[in-house]
Amino acid sequence: MEEVLVVEELFPYLEEELLKLAGKEHLKYSVLGKHTGNSPLAGENTAEDTAARIAEFLGEKKPDEKHKEEIEDLTNQIKGQLRGAESEIIERPDLPVRPPVLCAGCPHRASFYAVKTAMKGKKANFSGDIGCYTLGNAMPLDMVDTCLCMGAGITMAQGLHWTDPEVVNFAFVGDSTFFASGMTGVANAVYNEADMILVVLDNSTTAMTGHQPHPGTGINMMGDVVNKINIEAVLKGLGVKKVITVDPLNLDETVKAVNKCAKTKGVKAIIMKSPCIALSKPTEKCVINDSCIKCKKCIREIGCPAISVIDEKVVIDASMCTGCGLCAAICPKSAIVKEVR
Ligand code: SF4
Ligand code: SF4
């Protein structure tokens, strides 16, 4: 061959390997791709863009008679596929709008809601981090003001404290991120006498990236059962004087813990511990009874995807509900009750 067109996403891996091979073996082909502007540097390779680039490549090649027919066939095939895809798209109804949200029954929803409730009417910054709890940024929770890289929530919260000491600064970090790159930030905060509340959202797993084990799970990377590293002990070892562990699904207890920490100076930590819904099978579900006055507080304030309005009735989708009880805890009419599955 004389020319190769490489169409690949992300790093120009194959393109560079082909160039290396050409140099090593003294092969006389040229490689077209990201380095030559024949392939997009960033973003996805859509079918349309790829077809246009292939067509351009084939046009440039000025094929000899032997290959002309082959190339025309290939071009027609691509065009035909595109036309087929287009007609399929036209016949399909629009996809429902479904932004990424925390799962129904996710304990992080309860954690964010408790902090939000405790801080109502007060000035507070909510530094977020990387994990499924980044989804706490979505409405109606709206509880992630910053998100940079793993562990940055903790260092940002302590930095924000120095810019405005009157504001209560929170840092949310997951248990896995805490072990990955959160501990160094805590040492820095304690040593430099920052004033902040660290909230460790401990769901006992690394949920967003596939439930890999981490030092707090008690199973190592080879699947062996090993001793867990205790987050509370690590925090105390790093010099955090006030460490409270709560179950975020107990809303009152969690709100009280947040208020208590907000009144204390220095670095405080609340471990909000409740397992990820993927780790257990629900035995309960919640249902809405006739006392419901359709105020929609349960929809407006917590945004659980299991609750919706159907035929002007507020209903809970039993297939999604885990029976976490957060909606029941906030309903002003006690219209939401737990049932055994
Ligand atoms: S109990 Fe309420 S908040 Fe929890 S999963 Fe069911 S509907 Fe959602
Ligand atoms: S919060 Fe209670 S009363 Fe209001 S809509 Fe939901 S279930 Fe009904």
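Residues numbered from 1 in each chain as written. Chains lettered and ligands numbered in written order. Predicted model: local features only at pLDDT ≥ 70, side-chain atom pairs only at ≥ 80, totals over all residues.

Caption draft 1: Inspection of the overall build of the chain at higher detail. Secondary structure summary: the chain contains ten helices and eleven strands in total. Computed over the C-alpha atoms, the radius of gyration of the chain is 27 Å, more than 25% above the 20 Å expected from 2.2 N^0.38 for a compact globule of 341 residues. Considering only C-alpha atoms, the chain reaches an extent of 80 × 55 × 45 Å along its principal axes. Considering the chain as a whole, with its 341 residues, one finds that 32% of them fall into the buried category. Pairs at least 24 apart in sequence give 70% of the contacts found in the chain among residues at least 6 apart. (Helix = DSSP H or I, 4+ residues; strand = E, 2+ residues; numbered from the N terminus. Rg over C-alpha atoms; globule rule 2.2 N^0.38 Å. Buried ≥ 20, exposed ≤ 12 C-beta atoms within 10 Å, placed from the backbone. Contact = placed C-beta atoms within 7 Å.)

Caption draft 2: Structural detail: helix α5 (residues 152-163). Taking 1.5 Å of rise per residue, twelve residues should cover 16 Å, and α5 covers 17 Å from first to last C-alpha, within 8% of that figure. Within α5, nine of the twelve residues are buried, leaving the element largely enclosed by the surrounding structure. When α5 is considered as a whole, its buried residues turn out to be A152, G153, I154, T155, M156, A157, Q158, L160 and H161. Considering only its buried residues, α5 is in contact with β3 (124-127), β4 (168-174), α6 (175-191) and β5 (196-202). (Expected span 1.5 Å × (residues − 1).)

Caption draft 3: Spotlight on the domain arrangement of the chain. Its domain assignment divides the chain into domain 1 (3-91), domain 2 (107-279) and domain 3 (284-340). Averaged C-alpha coordinates put domain 2 and domain 3 at centres separated by 27 Å. Each partner contributes residues to the interface: domain 2 has ten residues there, and domain 3 has ten residues. A total of three residues in the side of domain 2 that touches domain 3 trace back to one element, the largest contributor, which is helix α4 (residues 107-118). Considering only residue class, the side of domain 2 that touches domain 3 consists of nine nonpolar, no polar and one charged. (Domains from an automatic or database assignment. Nonpolar A, V, L, I, M, F, W, Y, C, P; charged D, E, K, R; others polar.)

Caption draft 4: Representation of the packing of α4 against helix α8 (residues 251-262). Orientation of α4 relative to α8, taken along the N-to-C sense of each, is 50 degrees, at an axis distance of 9 Å. What the angle tells us is that α4 and α8 run oblique. The two elements α4 and α8 meet at a crossing, and its hand is right-handed. Contact residues: α4 offers A110, A114, V115, T117 and A118, while α8 offers L251, T254, V255, V258, N259 and A262. Partitioned by chemical class, the residues of the contact of α4 with α8 number eight nonpolar, three polar and no charged. (Axes fitted to C-alpha atoms, helices over the stretch in contact; angles between N-to-C directions. Parallel < 35°, antiparallel > 145°, perpendicular 65-115°, else oblique. Left-handed = near helix turned anticlockwise from the far one by under 90°.)

Caption draft 5: Layout of the pairing of strand β9 (residues 307-310). Direction of pairing for β9 relative to strand β10 (residues 313-316): antiparallel, over a ladder of four bridges. Bridging across to β10, V309 finds its partner in V314. The hairpin turn running from β9 into β10, its antiparallel successor, is two residues long, and D311 in that turn takes a positive phi close to 50 degrees. (Pairing = 2+ DSSP bridges.)

Caption draft 6: Structural detail: the environment of A104. Here A104 is to be found in the loop between α3 (65-91) and α4. For A104, a count of 20 C-beta atoms within 10 Å corresponds to the buried category. As for A104 and I277, which are separated by 173 residues in sequence, their C-alpha atoms are 8.4 Å apart. Each residue touching A104, except ones within four places of it in the same chain, is listed here: C304, P305, A306, M320, C321 and T322.

Caption draft 7: Just unusual backbone geometry, in detail. At the junction of M139 and P140, the peptide bond is cis and its omega measures out at 5 degrees in the coordinates. Mapped onto the secondary structure, P140 falls in the loop between β3 and α5. The backbone phi angle of E312 is positive, close to 65 degrees, even though this residue is not glycine. Positionally, E312 belongs in the loop between β9 and β10. C-beta crowding within 10 Å serves as the criterion here: with 6 such atoms nearby, E312 is assigned to the exposed category. Its identity as a non-glycine residue notwithstanding, S334 has a phi of 50 degrees, on the positive side.

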